[in-house]
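# Geometric and topological summary
One letter stands for each residue in the lines below.
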Amino acid sequence: MSLLRKPQPLAVLVVRDAPDVVAGLRRALETATDTERPGLERALALAEESAARPDAELRGRWVRQRLAAAGHEGPADSVDAIRILRQAEPGLTLLQAVTYAKEAEAAGA
């Protein structure tokens, strides 16, 4: 193990379709009838709210889902949780698993 080794990139990518959904809803509102407008406006508000969520919150949710699938009910940043997370996702480095677990605990996802 070298101390000069480059840090590993985070293994979990956050894919965001929300900006495309927001744009589509805005286009739909341009031609919406009076009966369609309230539903589309509500959908647009929800999509904008989703698009505003930080990546750390989404990664935290991802961690909680992995831990729940493994039956873990304790803190997301516990040693057991990190071990479970690395077993569930073998490609995660220890640093990545710890980072994600801390994000999940901080977000309360």
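You'll find the structure just up there.
Figured I'd write up the structure that's included with this text. Predicted, not measured: the structure shown is a model, and the values here were computed from it.

Centre-to-centre distance and the angle between the planes together describe a pair of aromatic rings. For the structure shown, the criterion picks out 1 aromatic pair. Taking the centre distance of 6.1 Å and the plane angle of 80° together, the rings of Trp62 and Tyr100 count as edge-to-face. Here Trp62 is found in helix H3 (residues 55–69), whereas its partner Tyr100 is found in helix H5 (residues 94–107), with 38 residues between them in sequence. Pair check on accessibility: Trp62 and Tyr100 agree, each one buried.

Trp62, Val63, Leu67, Leu85, Leu92, Ala97 and Tyr100 are the most contacted members of the largest nonpolar core, which totals 13 residues. The contacts of Leu67, once residues within four sequence positions are left out, are His72, Ala76, Ala81, Ile84 and Leu85. Val22, Leu29, Leu40 and Leu44 belong to the second-largest nonpolar core, a separate cluster that totals 7 residues.

The geometry of helix H4 (residues 79–88) relative to H5 is characterised by a closest axis approach of 9 Å and an angle of 120° between their N-to-C directions. Accordingly, the angle class assigned to the pair H4 and H5 is oblique. As for the relative orientation of H4 and H5, their crossing is right-handed in sense. On H5, the residues touching Ile82, Leu85 and Arg86 of H4 are Leu94, Ala97, Val98, Tyr100 and Ala101. For the contact of H4 with H5, the class distribution of residues is 7 nonpolar, no polar and 1 charged.

A complete count under the given rule lists 8 salt bridges for this structure. Put simply, Glu49 and Arg53 hold a salt bridge, and the shortest N to O gap is 3.5 Å. Here Glu89 ties to Arg66 by a salt bridge, and the two come within 3.1 Å at their closest N and O atoms. Here the residue Glu89 occupies a position in the loop between H4 and H5, and Arg66 occupies one in helix H3, the gap between them amounting to 23 residues. Since its relative accessible area comes to 25%, Glu89 is described here as partly exposed. Within this structure, Glu49, Arg53 and Glu57 form a network of salt bridges that share partners.

Before going further, it helps to examine the environment of Gly39. Counting through the fold element by element, Gly39 comes out in helix H2 (residues 37–51). The partly exposed category is assigned to Gly39, whose relative accessible area is 45%. When the C-alpha positions of Gly39 and Leu29 are compared, they lie 9.7 Å apart, and in sequence the two are 10 residues distant.

Now for the environment of Ala32. By the secondary structure assignment, Ala32 is in the loop between helix H1 (18–30) and H2. For Ala32, a relative accessible area of 14% corresponds to the buried category. The contact partners of Ala32, leaving out residues within four places of it in the chain, are Arg37 and Leu40.

So, about H4. Among all positions of H4, only Ala81, Ile82, Ile84 and Leu85 are buried. Looking straight down H4, one finds its buried side chains confined to an arc of 160°; they lie on one side. In H4, the exposed positions that point more than 90 degrees away from the buried face belong to Val79 and Gln87. Where H4 is buried, its residues contact H3 and H5.

Scoring rules and cut-offs
- Residues numbered from 1 in each chain as written.
- Predicted model: local features only at pLDDT ≥ 70, side-chain atom pairs only at ≥ 80, totals over all residues.
- Heavy atoms only, no water.
- Phe/Tyr/Trp six-rings, centres within 6.5 Å; stacked < 30°, edge-to-face > 60°.
- Helix = DSSP H or I, 4+ residues; strand = E, 2+ residues; numbered from the N terminus.
- Buried < 20%, exposed > 50% of the residue type's maximum accessible area, 1.4 Å probe, protein only.
- Core = buried A, V, L, I, M, F, W, Y, C linked by side-chain atoms within 4.5 Å.
- Contact = heavy atoms within 4.5 Å.
- Axes fitted to C-alpha atoms, helices over the stretch in contact; angles between N-to-C directions.
- Parallel < 35°, antiparallel > 145°, perpendicular 65-115°, else oblique.
- Left-handed = near helix turned anticlockwise from the far one by under 90°.
- Nonpolar A, V, L, I, M, F, W, Y, C, P; charged D, E, K, R; others polar.
- Salt bridge = Lys/Arg side-chain N within 4 Å of Asp/Glu carboxyl O.
- Arc of directions from axis to C-beta.

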